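Results of the structural survey
As a plain string of letters, each chain reads:
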Amino acid sequence: MDCRPIPYRSTPHASRLFLDYIENFARVAGFYTHAPEFAAALRLAKTLDYPAERRRAVTAALREQNAAFGAGPATMNNLARLDGGAAVVVTGQQAGLFSGPAYTIYKALTAIQLAEEMTEAGVPAVPVFWIATEDHDLAEVNHSLWFARNETAPFELPADPDAAGKPVGSVLLGSRVEDLVRDAVARLSGPGAEDVARILRECYTPEDTFGSAFGKLFARIFAEEGLILLDPLDKRLHHEAAPLFERAISERDSLHEELLGRGRALEAAGYDAQVKVGAQSTLLFRMQDGVRQPVTVQDGEFHAGPQRFSRAEFAKQAAEAPEQFSPNALLRPVLQDFLLPSAAYVAGPAEIGYCAQAEVLYRRMIGRMPVVFPRASFTVVEPAIARHLQRYGLAVENVWDGREKLRERIDAKSLSADLARQFDAAEAGLTRALDEMEKPLADLDATLRGALETARNKMLYQIENLRRKAGRAQETREGVVAAHEEALISALYPDRVAQQRALCFLPVLASRGMGILRELRVFAKESREQRHECILSF
């Protein structure tokens, strides 16, 4: 496997805030507590102020959760290390079908690698993956796009109308998932195909939820790496989070003003605020009859669906029934690092944008913020796709230029578009030459005029026959070229989205074998340290 580094600014859709964060941190330093540096994470881990009682309670909950997911000895060993005082490198993502987009795997690999490096540097650390089971947008997790056997294959589990608004971690997969698993397994090939097929069959059953299936899947994929999984729907974790929910209510107005101020500061610096903060918004959702409803403030009262509460009533409810509350996108990372002794947080570009706003909440609500590292970024080029690139003299970046420019480059390397005109010119030239010969031949021997006409017909017939053959070859060639173009787009830039944001990683895991995870960790370290994306070719 070969890695070709490419600057993030050469990748599709990179935001200005993200580019400045990794290339010129001084420009954005006012929006974050720490620069994304390994030494900063080591320093923070050594000085973390994290209550022993919370450590015991959270570890106990995580031990039970991971046992239910089927975690192996390496994870249980890491839980013992966490209980004994280790710091955490945390990351997370939604519970996407069949693991969701590839960058979900890349996040986990980055956290695992970073925790190992910190431990080797003398600061014990363990990797934790926060499964975003409380999110309620089922349409974001009920599908998976594969590129396997040189074509894309979409998988989607139809949404149950009764699941609308419910946390996705509690939504049952149902019997239809069996057909999806069967179809997915049929598309797997390579040395890891049997392992991935077995894992899919074990994890995605009608009795599982999106949350439990995802947890079981990751427990098996990362069994040797000791990844600790966290499901925030756990009532015990909500109980530990109750003080944070109470503060989000009691201090809503001042926190809201700070967030509005941070949004204005970001805009003044030329950046877009990642999360819109409205006049009535709060940091919370509330569960009502199993449905997650946003909490707003109107006329001094807190509104959740049709219900209204005074500030005191709502704060009391958060203290007595914290399982009814969950955080919004800005409070979620703060809650995560309140519950965990996080020294480092592995985040995607959008989440790094969230953190620029959430920094005011970190500072006000828990008094600390982890070092935020960008996740490893990979674009995988399978051998068949590499051959297409080489055939037409292309780089991955040419595919990112879009379909129109890509076709122009491919056409430049394909059969000449002037071929038809060349045939016309050949016919005209032959006719002209024979016409010029007619009089001299007739003067020599009148009978030669007939022979000339016979020769003319034969030669023009052969040229026309060659034209037909060339036409058939052109049509075949164009079909092949169109197929190659479609394969390049589907594999490297599906729907004008970066590969890692659209395609599932499981087909790659099958085609390369489970050992690829350890190989990728080497490149994950390189991607983080050198702050570039890796174009990985096999």
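Please refer to the structure higher up on the page.
We now turn to the structure provided with this report.

About the criteria used
Per-chain numbering applies: the sequence of each chain, read as written, is numbered from 1 onward. In keeping with the model being predicted, local features are shown solely for residues with a pLDDT of at least 70 and side-chain atom pairs are shown and tallied solely at 80 or more, while totals for entire chains, interfaces and linings include all residues. Side-chain metrics in this entry use all non-hydrogen atoms of the structure; hydrogen atoms and water are not considered. Strands here are runs of E lasting at least two residues and helices are runs of H or I lasting at least four, both read from the DSSP assignment and numbered beginning at the N terminus. Here the globule rule is a power law, 2.2 Å times the number of residues to the power 0.38, and the radius of gyration is based on C-alpha atoms. Exposure is judged per residue with a 1.4 Å probe applied to protein chains only, and the accessible area is read against the type maximum: over 50% gives exposed, under 20% gives buried, and values in between give partly exposed. Any two residues whose heavy atoms approach within 4.5 Å at even a single point are treated as in contact. For accessible areas, the Shrake-Rupley method is used with a probe of radius 1.4 Å. Any residue's cover is judged against the shown protein chains and nothing else. Note on charges: Lys and Arg go in the positive column, Asp and Glu in the negative column, and His and the chain ends are not counted at all. Charged groups are reduced to one reference atom each: NZ for lysine, CZ for arginine, CG for aspartic acid, CD for glutamic acid. In this description, one arc is meant: the one made by directions from the helix axis to the C-beta atoms. Two strands qualify as a pair provided DSSP detects at least 2 bridges between them. Orientation is described by axes fitted as lines to C-alpha atoms, over the contacting stretch for helices, and by angles from 0 to 180 degrees between their N-to-C directions. When an angle is under 35 degrees it counts as roughly parallel; over 145 it counts as roughly antiparallel; between 65 and 115 it counts as roughly perpendicular; any other value is oblique. The handedness criterion is simple: a crossing whose near helix is rotated anticlockwise from the far helix by less than a right angle is left-handed, and one whose near helix is rotated clockwise is right-handed. Amino acid classes used here: Ala, Val, Leu, Ile, Met, Phe, Trp, Tyr, Cys and Pro are nonpolar; Asp, Glu, Lys and Arg are charged; the rest, including Gly, are polar. The rule for a salt bridge is simple: a side-chain nitrogen of Lys or Arg has to be within 4 Å of a carboxyl oxygen of Asp or Glu. Stacked, tilted and edge-to-face pairs are distinguished by plane angle, under 30 degrees for stacked and over 60 for edge-to-face with tilted covering the rest, among Phe, Tyr and Trp rings (Trp via its six-membered ring) whose centres lie within 6.5 Å.

Thoughts on the overall build of the protein chain
Helix and strand counts for the protein chain stand at 21 helices and 15 strands. For a compact globule of 538 residues, the expected C-alpha radius of gyration is about 24 Å, and the protein chain comes in at 30 Å, more than 25% above that figure. Overall, the C-alpha framework of the protein chain stretches about 120 × 50 × 50 Å when taken along its three principal axes. Taking all 538 residues of the protein chain together, the buried fraction comes to 53%. Taking all contacts inside the protein chain whose residues are at least 6 apart in sequence as the whole, residues at least 24 apart take part in 77%. Of the accessible surface of the protein chain, which amounts to about 23400 Å², a share of 50% is contributed by carbon and sulfur atoms. Of the charged side chains in the protein chain, 64 are positive and 73 negative; the average position of the first set lies 3 Å away from that of the second.

Observations concerning the side chain of Arg456
Along the chain, the position of Arg456 falls in helix α18 (residues 448-492). Ignoring sequence-local partners within four residues, the contact set of Arg456 consists of Thr431, Leu434 and Asp435.

Observations concerning helix α7 (residues 193-203)
Inspection of α7 places Ala193, Val196, Ala197, Ile199, Leu200 and Cys203 among the buried residues, and these make up the whole buried set. Looking down the long axis of α7, one finds its buried residues gathered within 165° of arc, a one-sided arrangement. Set apart from the buried face of α7 by more than 90 degrees, the exposed residues are Glu194 and Arg201. In this fold, the buried residues of α7 make contact with β4 (143-148), α6 (176-186), α8 (210-221) and α20 (506-512).

Topic: unusual backbone geometry
The backbone phi angle of Asp299 is positive, close to 55°, even though this residue is not glycine. Note on placement: Asp299 falls in the loop between β8 (291-298) and β9 (301-304). Since its relative accessible area comes to 81%, Asp299 is described here as exposed. The phi dihedral of Arg496 is positive, around 60°, even though this residue is not glycine.

Considerations on the sheet that holds strand β3 (residues 125-131)
Within the open sheet, the five strands sit side by side as β6-β3-β2-β12-β13. Their pairing is parallel. Both outer strands of the open sheet, β6 (228-230) and β13 (371-374), are each paired with one neighbouring strand and no more. On average, each strand axis in the sheet is tilted by 30° relative to the strand beside it, whichever way the strands run. Examined bridge by bridge, β3 and β6 share three bridges and lie parallel to one another. Counterpart to Val128 in the pairing with β6 is Ile228.

Structural notes on the packing of helix α5 (residues 103-120) against α8
Between α5 and α8, whose axes approach to 12 Å, the crossing angle comes to 50°. Taken together, the axis directions place α5 and α8 in an arrangement best described as oblique. The interaxial crossing formed by α5 with α8 has right-handed handedness. In this structure, α5 contributes Thr104, Ile105 and Ala108 to the contact, and α8 contributes Phe214, Phe218 and Ile221. Per-class residue counts for the contact of α5 with α8 are five nonpolar, one polar and no charged.

Here's the deal with the pattern of salt bridges
Summed over the entire model, instances satisfying the criterion amount to 34 salt bridges. Residues Asp234 and Arg236 are paired through a salt bridge, measuring 2.7 Å at the closest nitrogen-oxygen approach. With its nearest N and O atoms 3.0 Å apart, the salt bridge here joins Lys439 to Asp443. Taken together, the residues span about one helical turn, with Lys439 and Asp443 both in helix α17 (residues 419-444) at a distance of four residues. You'll find Lys439 and Asp443 in the same group, each marked exposed. Via salt bridges that share partners, Arg247, Glu251, Glu258, Arg262, Glu359, Arg363 and Arg364 belong to a single interconnected network.

A closer look at the packing of aromatic side chains
For the structure shown, the criterion picks out 19 aromatic pairs. Seen in terms of ring centroids, Tyr8 and Phe18 are 5.2 Å apart; in terms of plane orientation they differ by 80°. Their pairing is edge-to-face. With Tyr8 in the loop between β1 (2-7) and α1 (16-23) and Phe18 in helix α1, the pair connects residues that are 10 residues apart, well separated along the chain. Note on Phe18: relative accessible area 4%, which makes it buried. With a centroid separation of 5.3 Å and 25° between ring planes, the pair formed by Phe302 and Phe314 is classed as stacked.

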